[in-house]
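# A closer look at the structure
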Amino acid sequence: MVKVDLKGCSTFVNEAEYKNYVGKALDAFDTLQAENGAGNDFLGWKSLPVDTPDSLISDSEAIRDDWKARGVDLAVVIGIGGSYLGARCAIEALSHQFVRPEGSIQVVFAGNNLSEDYLAELMDLVERSNVACVVISKSGTTTEPAVAFRIVKEYLENKYGKSEAAVRTVAITDAKRGALKTLATQEGYRTFVVPDNVGGRYSVLTPVGILPIVLAGFDMRAMLKGAADERAELLVKGEENAAVKYAAMRNLLYSEQGKKVEVLVNYNPKFQYLGEWWKQLYGESEGKDQKGIFPASVNFTTDLHSVGQFIQEGDRVMFETVVNVEKAQRSVVIGSDAQNLDQLNYLAGKHVEHCNAMAALGTKLAHIDGGVPQIEISIEKIDEYNLGAIFYFFEFACGVSAYLLGVNPFNQPGVEAYKKNMFALLRKPGYEAQTEEILKRI
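Now for a look at the structure at hand.

The rules behind each value
- Residues numbered from 1 in each chain as written.
- Predicted model: local features only at pLDDT ≥ 70, side-chain atom pairs only at ≥ 80, totals over all residues.
- Heavy atoms only, no water.
- Pairing = 2+ DSSP bridges.
- Helix = DSSP H or I, 4+ residues; strand = E, 2+ residues; numbered from the N terminus.
- Axes fitted to C-alpha atoms, helices over the stretch in contact; angles between N-to-C directions.
- Contact = heavy atoms within 4.5 Å.
- Right-handed = clockwise from strand over helix to strand, strands pointing away.

### Things to note about the sheet that holds strand β8 (residues 294–299)
Here we have five strands laid out as an open sheet, ordered β1-β10-β9-β7-β8, and mixed in their pairing. Each of the sheet's edge strands pairs with one partner strand only, and the pair in question is β1 (3–5) and β8. Each adjacent strand pair in this sheet contributes to an overall mean axis angle of 20 degrees, direction not counted. Pairing geometry for strand β7 (residues 261–266) and β8, over six bridges, is parallel. The residue bridging Val261 from the neighbouring strand is Phe294, located in β8. Together, β1, β7, β9 (318–325) and β10 (374–379) form the strand contacts of helix α11 (residues 242–257), whose direction differs from that of β10 by roughly 160 degrees.

As structure tokens, this is what we get:
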């Protein structure tokens, strides 16, 4: 299960301050549990680990097996924000970083940007693959995924014919309405439903995450079990509740110590996309009403050779939250060399992960000495079970933390502003008046 260690903050806060914020976090916990706070119509994620029917996984496995029987070796998953980040995080964390197992389906992602180069290079891969597609969108009209799907759909229909293209396309969308739902019904796509009461950034344990993760060959039942076990731990109210501890300390550092930036740190490159998923979860949930901790992420030890200098000696506006993985999955031991030109014989016989752990400890001490508080969040190892646990932990803690901060954790009104400007500049019908106004400003 997920463990939270606050000792790296002890020299920055006093016990009375912390107890005060624990009390506030427990009040926020009550609000989340009573489901009477702002945005309470988007709390379906809370029960997903125990309410998700096994049929969702079985149906996903059936699609995977059907596509494999058709020779599919590439699945393009189209979506943006919460419609792809959770799945990508899980797949990147669980996959071999250099080798794709023979006979598996490679999962790649599209529809999360408007880069022509990206789409062109994606199509280079598509054209030399046996391909299928998963398109994820509540409405079917979000610009980035809609553009990507139009291009991929046309390719599938031209290569395989409309009926076979339909078999190779799955839509994850609204149950009853929207452009994608209408198209799926017309074309006969297999569909899964995006629950109305689960926002995109909380959707990794819905079909949005389940289908891509299953297609990639990973155990979704184990992930749900990890989330369910973590849920059981977090439902126990008290000062030792991991979500309460994390929410209390990060809000104390923000409100009382002026720490406006939280840097999520990992020491395993498999967790790079955990940082990307976490940034959306906390940034979109808390960044409103002129409030919120800015979420950033780094990959150590790599980034110790780039932004490490700033973290050590730059403006003291930040604190770190380190995700610690207690056990490596593989074993690599450093050998001895007779010449010892690299001066590494003192490490002979030691595991590389031992060096990684000592780098983490040395960095922790240096950064604390440099004025950077550190929260540590630990899981046993990187597997489906522990990923389910950490997904649920961060989601639950985010709800507690945002209510403590005094904002609605489940809306995102600010993301519409850029879209209106973009539509006007693209001269989308209905935006003509805004087009002329914007052209005067640029």
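Here the narrative resumes.
### As for the pairing of strand β6 (residues 190–193)
Where strand β5 (residues 169–173) and β6 come together, four bridges link them in parallel fashion. Of the residues in β6, the one forming a bridge with Ile172 is Phe192. You can see the chain leave β5, run along helix α8 (residues 179–187) and come back into β6, and the turn it takes is right-handed.

### Side note on the environment of Ala62
Along the polypeptide, Ala62 turns up in helix α3 (residues 54–69). Measuring from C-alpha to C-alpha, the distance between Ala62 and Val214 comes to 9.8 Å, with 152 residues separating the pair along the chain.

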